[in-house]
Each structure stands twice: as C-alpha cells, then as structure tokens.
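An overview of the molecular structure
The residues making up each chain are set out below.
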Amino acid sequence: MTPSKTPAEILDIDGEEVRISSPDKVVFPEPGLTKLDLVHYYLAVADGALRGAGGRPMVLKRFPKGIDSEPFFQKRVPENHPPFIDTATLHYASGTSAEEAVIRDAAGLAWVVNLGCLDLNPHPVRAEDLEHPDELRVDLDPMPGVDWSQIVDVAYVAQEVLGDVGLVGWPKTSGSRGLHILVRIAPQWSYRDVRLAAEALAREVENRAPGLATARWWKEERGESVFVDFNQNAKDRTVASAYSIRPLPDARVSTPLAWGEVRTIRPEQFTVPTVLKRFAEVGDAHKGIDGAAGSLDGLLALAKELGPAEKAPRAGNGSGRRQSVMPLVEVARTRTKPEALAALEEWKSRHAAVVTSLSPADVMVDGMRGSSSLWYRVRVNLQHVPEAERPAQEELIADYDPWAGKEWAAAGD
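A brief report on the enclosed structure follows. No experiment lies behind these values; they were computed from the predicted model shown.

1. Here's the deal with the overall build of the protein chain
Looking only at helices and strands, the protein chain has nine helices and 18 strands in total. For 413 residues, the compact-globule estimate of 2.2 N^0.38 gives 22 Å, and the protein chain sits close to it at 22 Å. Principal-axis analysis of the C-alpha atoms gives the protein chain an extent of 70 × 60 × 50 Å. Burial analysis of the protein chain (413 residues in total) assigns 52% to the buried set. Counted over contacts in the protein chain with a minimum sequence separation of 6, partners at least 24 positions apart contribute 69%.

2. Overview of the packing of helix α5 (residues 191-208) against helix α7 (residues 297-306)
Running from amino to carboxyl end, α5 crosses α7 at an angle of 65 degrees, the nearest separation of the two axes being 8 Å. Remark: the crossing between α5 and α7 carries left-handed chirality. Of α7, the residues touching α5 (which contributes Asp193, Leu196, Ala197, Ala200, Leu201, Arg203, Glu204 and Asn207) are Leu299, Leu300, Leu302, Ala303 and Leu306. Across the contact of α5 with α7, the residue classes tally to nine nonpolar, one polar and three charged.

3. Quick look at empty space enclosed by the protein
As enumerated under the stated definition, the model contains two cavities of 30 Å³ or more in all. Considered as a void within the structure, the largest cavity measures approximately 60 Å³ in volume. Looking at the lining of the largest cavity, the elements with two or more residues in it are α2 (46-53) and β12 (179-184). The computed volume of the second largest cavity comes to approximately 40 Å³. Split into classes, the residues belonging to the lining of the second largest cavity amount to four nonpolar, two polar and three charged.

4. Digging into the sheet that holds strand β18 (residues 398-399)
The sheet built from four strands is open, its strands ordered β16-β17-β15-β18 with mixed pairing. The open sheet has two edge strands with one neighbour each: β16 (363-369) and β18. Relative to strand β17 (residues 374-381), strand β15 (residues 328-334) runs antiparallel, the two sharing six bridges. Its bridge partner being in β17, Ala332 is matched across the sheet by Val378. Where helix α8 (residues 337-350) meets the sheet, its contacts fall on β15, β16 and β17, and the angle it forms with β15 comes to roughly 140 degrees.

5. A word on a negative patch on the surface
A grouping of Asp12, Asp14, Glu16 and Glu17 is seen on the molecular surface, where their side chains present a negatively charged patch. Of note, Glu16 is situated in strand β2 (residues 16-20).

6. Here's the deal with helix α3 (residues 106-114)
Where burial is concerned, most of α3 is hidden: nine out of the nine residues are buried. By the burial criterion, the buried members of α3 are Ala106, Ala107, Gly108, Leu109, Ala110, Trp111, Val112, Val113 and Asn114. Buried positions along α3 lie against β1 (9-13), β2, α1 (35-44), α2, β5 (57-62) and β8 (97-102). Downstream of α3 by a residue or two, Gly116 has a phi angle that is positive, lying close to 100 degrees.

7. Some details on the packing of aromatic side chains
Scanning the model with the defined rule gives six aromatic pairs in all. Taken together, a centroid distance of 6.0 Å and an interplanar angle of 45 degrees make the contact between Trp217 and Phe230 tilted. Of this pair, Trp217 sits in the loop between β13 (213-214) and β14 (226-229) while Phe230 sits in the loop between β14 and α6 (272-282); the two residues are 13 residues apart in sequence, bridging distant segments of the chain. Classification of Trp217 by relative accessible area gives partly exposed; the value is 30%. What makes Phe230 buried here is its relative accessible area of 4%. Counting every residue linked through ring pairs, the aromatic cluster contains Trp217, Phe227 and Phe230. Here the guanidinium or amino end of Lys75 rests over the ring plane of Tyr92, the centre of that ring lying 4.0 Å away. Over the ring of Phe227 we find Arg222; its NZ or CZ atom is 3.6 Å from the centre of that ring.

8. Some words on the packing of helix α4 (residues 148-164) against α5
The N-to-C vectors of α4 and α5 enclose an angle of 120 degrees; their axes lie 9 Å apart at closest approach. When the axes of α4 and α5 are compared, the pair comes out oblique. The crossing of α4 and α5 is right-handed. Taking contact as the criterion, the partners of Val154, Val157, Ala158, Glu160, Val161, Leu162 and Asp164 in α4 are, on α5, Leu201, Glu204, Val205 and Arg208.

9. Details of the sheet that holds β12
Judged by pairing direction, the sheet is mixed, and its five strands sit side by side in the order β11-β12-β10-β14-β13 without closing on themselves. A strand with exactly one partner marks an edge of an open sheet, and here the two such strands are β11 (170-173) and β13. Here α5 sits on the sheet and contacts β10 (135-142), β13 and β14; the angle it forms with β10, its principal contact strand, is near 40 degrees.

10. Concerning the pairing of β2
Where β1 lies against β2, five bridges are found, and the strand directions are antiparallel. Bridged to Ile13 within β2 is Glu16.

11. Some thoughts on the pattern of salt bridges
Under the definition given, this model contains 28 salt bridges. One salt bridge in this structure joins Arg208 and Glu160, with 2.9 Å as the shortest N-O distance. Taken together, the positions of Arg208 in helix α5 and Glu160 in helix α4 put the pair 48 residues apart, joining distant regions of the chain. The salt bridge partner of Glu345 is Lys348, with a shortest N-O separation of 3.9 Å. Highlighted residues: Glu345 and Lys348, both in helix α8, separated by three residues, approximately one helical turn. The class for Glu345 is partly exposed, based on a relative accessible area of 47%.

Conventions adopted
Residues numbered from 1 in each chain as written. Predicted model: local features only at pLDDT ≥ 70, side-chain atom pairs only at ≥ 80, totals over all residues. Heavy atoms only, no water. Helix = DSSP H or I, 4+ residues; strand = E, 2+ residues; numbered from the N terminus. Rg over C-alpha atoms; globule rule 2.2 N^0.38 Å. Buried < 20%, exposed > 50% of the residue type's maximum accessible area, 1.4 Å probe, protein only. Contact = heavy atoms within 4.5 Å. Axes fitted to C-alpha atoms, helices over the stretch in contact; angles between N-to-C directions. Left-handed = near helix turned anticlockwise from the far one by under 90°. Nonpolar A, V, L, I, M, F, W, Y, C, P; charged D, E, K, R; others polar. 1 Å grid on protein atoms, 1.4 Å probe; cavity = no way out; pocket = protein on both sides within 12 Å on 5 of 7 lines; lining within 4 Å. Points joined across faces, edges and corners; volume = space filled by probe spheres on them. Pairing = 2+ DSSP bridges. Patch = residues over 30% accessible without salt bridge, like charges linked within 9 Å, V, L, I, M, F, W, Y side chains within 5 Å. Areas by Shrake-Rupley, 256 points an atom, 1.4 Å probe, with all protein chains shown as cover. Salt bridge = Lys/Arg side-chain N within 4 Å of Asp/Glu carboxyl O. Lys, Arg positive; Asp, Glu negative; His and termini not counted. Charge placed at Lys NZ, Arg CZ, Asp CG, Glu CD. Phe/Tyr/Trp six-rings, centres within 6.5 Å; stacked < 30°, edge-to-face > 60°. Lys NZ or Arg CZ within 6 Å of the ring centre and 35° of its normal. Parallel < 35°, antiparallel > 145°, perpendicular 65-115°, else oblique.

Written as structure tokens, this is what we have:
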C-alpha cells in the first residue's frame with residue numbers, strides 16, 4: 001500500500017495564507033533539509049532576499065524532481081497565482097513576451113519555494129520600468145583549473161575599475177564556483193548601454209590583469225582564467241540573486257559579502273544552516289546597496305576609449321557564422337549532465353593517447369539554455385595536442401535536439 005502524502009501546511013505570513021504542499025519532502029538529503037525548512041530559511045532572510053529579488057520580474061527555475069534532476073524554466077506566471085503575487089509583461093528581442101511573477105514580500109518568497117524554486121532569478125529591472133535596468137551585474141566565472149585565490153584577485157581589480165569610474169560594487173558568492181559583483185545604477189540607460197558598459201568593464205579588467213582575467217566571449221579562447229561575463233547584462237538573462245539556495249548537495253547559498261571578507265572566505269562556508277546563523281548575527285552585508293546607485297557615464301566613456309571589441313572571423317562558406325580560431329571537436333549534445341559526462345568519458349577512452357595533453361580548460365561541458373530547460377554540449381579544444389596527433393571530428397556520441405517537437409508560437413513563451 002502506498003503511504004499517503006504528508007498533509008499540506010498552511011502558513012500565515014504577515015496576514016497572507018500560503019499553502020506548502022508536501023512540507024516534509026526532503027530536498028537536500030545530505031544536510032536533511034525539507035521543503036518546509038527551505039521556506040523557513042527564506043522567511044528568516046527575507047529582508048536580504050527581497051533586497052535582491054523583490055519588485056523585479058523573475059524567471060521561475062523549478063526543481064519538481066529534486067536537485068539531482070534537471071530544472072525547468074518557467075517564464076509565464078502560473079494562472080492561479082495568489083493576489084499577493086504581482087506580474088509584469090516582458091517583451092523579448094525574439095518578438096515573444098511573457099507575463100512574469102513579481103514578488104514583493106515574504107509570502108511571495110514562500111510561494112515560489114512551494115513551486116519547487118530553490119534559487120531566485122530576477123531580471124535587473126524593476127517592474128515599474130522594464131526597459132531601464134537599475135543593476136549592472138559582474139559575473140566572475142572561473143574556467144576549469146582556476147582556484148579561488150585567482151577569482152579573488154580579479155574581483156579586487158574589478159572593484160578598482162569600478163571605483164575609477166565612480167561606481168560601487170557589492171560582492172557576493174555565486175553559490176557555485178564564482179563570484180558576483182552587483183552595481184546599482186540609476187535607471188536611465190537601455191539594456192544595450194548597460195551591456196556595453198559591462199563589456200568595457202570586462203575588457204579593462206583584462207587589460208589590468210592579463211592572464212588572470214579575460215573578456216573573451218568564446219570559451220575555447222579563455223585558457224585558465226576568470227571570465228568577466230558581461231553578457232549576463234543582456235535583456236534575456238537572469239542570475240541567482242542574493243541569499244538564493246543553489247542546487248548543490250550541501251545546500252550552498254549565494255551570500256552577500258563585505259569587501260574585507262572576500263579574501264578570507266570560501267564559498268563552501270555558506271550553506272543554509274550557516275547563513276541562517278550569519279544573518280541572525282550580522283544581518284545583510286548589502287543593506288546599503290539601494291542607496292549607492294551611480295552613473296554609467298564613466299564606463300560608457302571607457303567603452304569609447306577602448307573602441308569596438310575584436311570580432312571573431314567568419315566562416316568562408318557564406319553562412320556568416322563565426323569560425324573558431326581553435327581546433328575544436330564536438331563530442332556530444334545531451335539532455336542531462338550525467339549523459340554528457342558519460343559521453344566525454346567514452347571519447348576519452350577512444351582517444352586515450354591525447355588525453356594527457358589536455359589542460360582542464362580544454363574540456364568544455366556547457367549547460368545550454370533550451371526552450372524551457374538546460375541541455376548540454378561537450379567539446380574538446382585540441383590546441384595542446386600536436387597537430388599530427390589531433391583526432392578528427394567524428395559523429396556525435398549523443399545528438400540530443402532540445403527543440404525537437406517544439407511548436408513555435410507567434411507570441412508568448
């Protein structure tokens with residue numbers, strides 16, 4: 001006989017009733033955290049979490065099958081959302097639009113967790129002004145083989161560049177391997193301008209820290225460096241905001257920091273239990289962020305000074321597509337990361353003689369955004385393999401098509 005589900009629990013949160021289904025469902029087996037534990041975590045850090053995500057349209061990244069399964073991304077707010085959930089309609093460059101959820105209070109946090117959301121993924125705009133971002137996001141993304149100390153060094157260079165153009169950066173752990181720096185700006189510039197400003201920042205950081213940091217968009221050209229990911233400021237991008245729980249076994253948290261802490265901490269220190277304790281003792285390290293909005297004039301002037309970024313060469317077959325300057329082979333396209341890693345191991349077993357020549361950054365397993373979920377692409381850069389010994393491009397070990405069967409509507413998402 002199948003045991004019955006745990007009854008739903010109704011929480012009264014500042015006068016709003018929020019239904020939590022399956023409250024005893026274990027979401028993080030390693031620390032033993034249940035769904036209700038995650039709701040209580042977000043309620044405890046609500047002041048900080050809402051400072052990062054409140055009042056902004058957000059993509060709902062849902063994990064209905066737990067952290068070991070791929071999430072799906074839901075842009076459209078569920079039709080049966082409660083009255084305390086606001087909405088905003090975003091229009092995308094593709095011509096589609098989506099009415100997205102906007103949370104403004106602790107009840108909203110509990111509601112999104114009940115949907116299976118672990119991290120919060122807001123856009124860099126307020127619901128009241130969807131075309132003018134009020135936040136520039138600096139994502140320091142380490143390539144394989146890069147350790148934390150190198151990320152920290154790059155972070156301080158980014159802080160220096162920001163200071164030189166009159167802006168204040170607010171650091172936080174990404175909750176994974178990297179570091180984010182948030183920069184509040186006056187909502188006076190378009191997405192295009194904000195992305196251009198972020199690219200100028202990235203290029204200047206690379207200029208000041210060559211070998212440590214890179215602004216090169218194409219992954220195979222970065223080497224063992226920290227990528228200053230300026231494209232997180234594109235209109236369709238979201239990043240995990242402050243106090244977001246990330247889908248790692250230890251329930252790691254994207255945690256705001258003071259600059260004086262950045263060199264002495266490690267990302268793995270910040271988990272749901274430790275952040276609860278930290279927040280109760282010291283509060284939110286980003287408490288003053290909303291009062292520090294600045295101007296993009298300095299970064300846009302720097303963009304003019306630097307001139308246009310170098311463009312990649314194009315294929316000579318008339319397609320107009322970019323042609324990599326690196327000797328790449330594609331190994332597989334898969335639905336899940338375990339399948340991608342299995343395909344990589346199969347390729348390595350076929351070409352064992354060249355594996356020892358590869359550096360960590362030469363092996364690229366990338367999560368790619370599909371229509372509503374991630375898929376994975378596996379590539380190998382053979383730049384460190386003698387040319388005569390480089391394996392040729394072969395038939396893909398797995399060839400998953402994330403758009404198979406997808407019906408494209410004229411509008412909506």
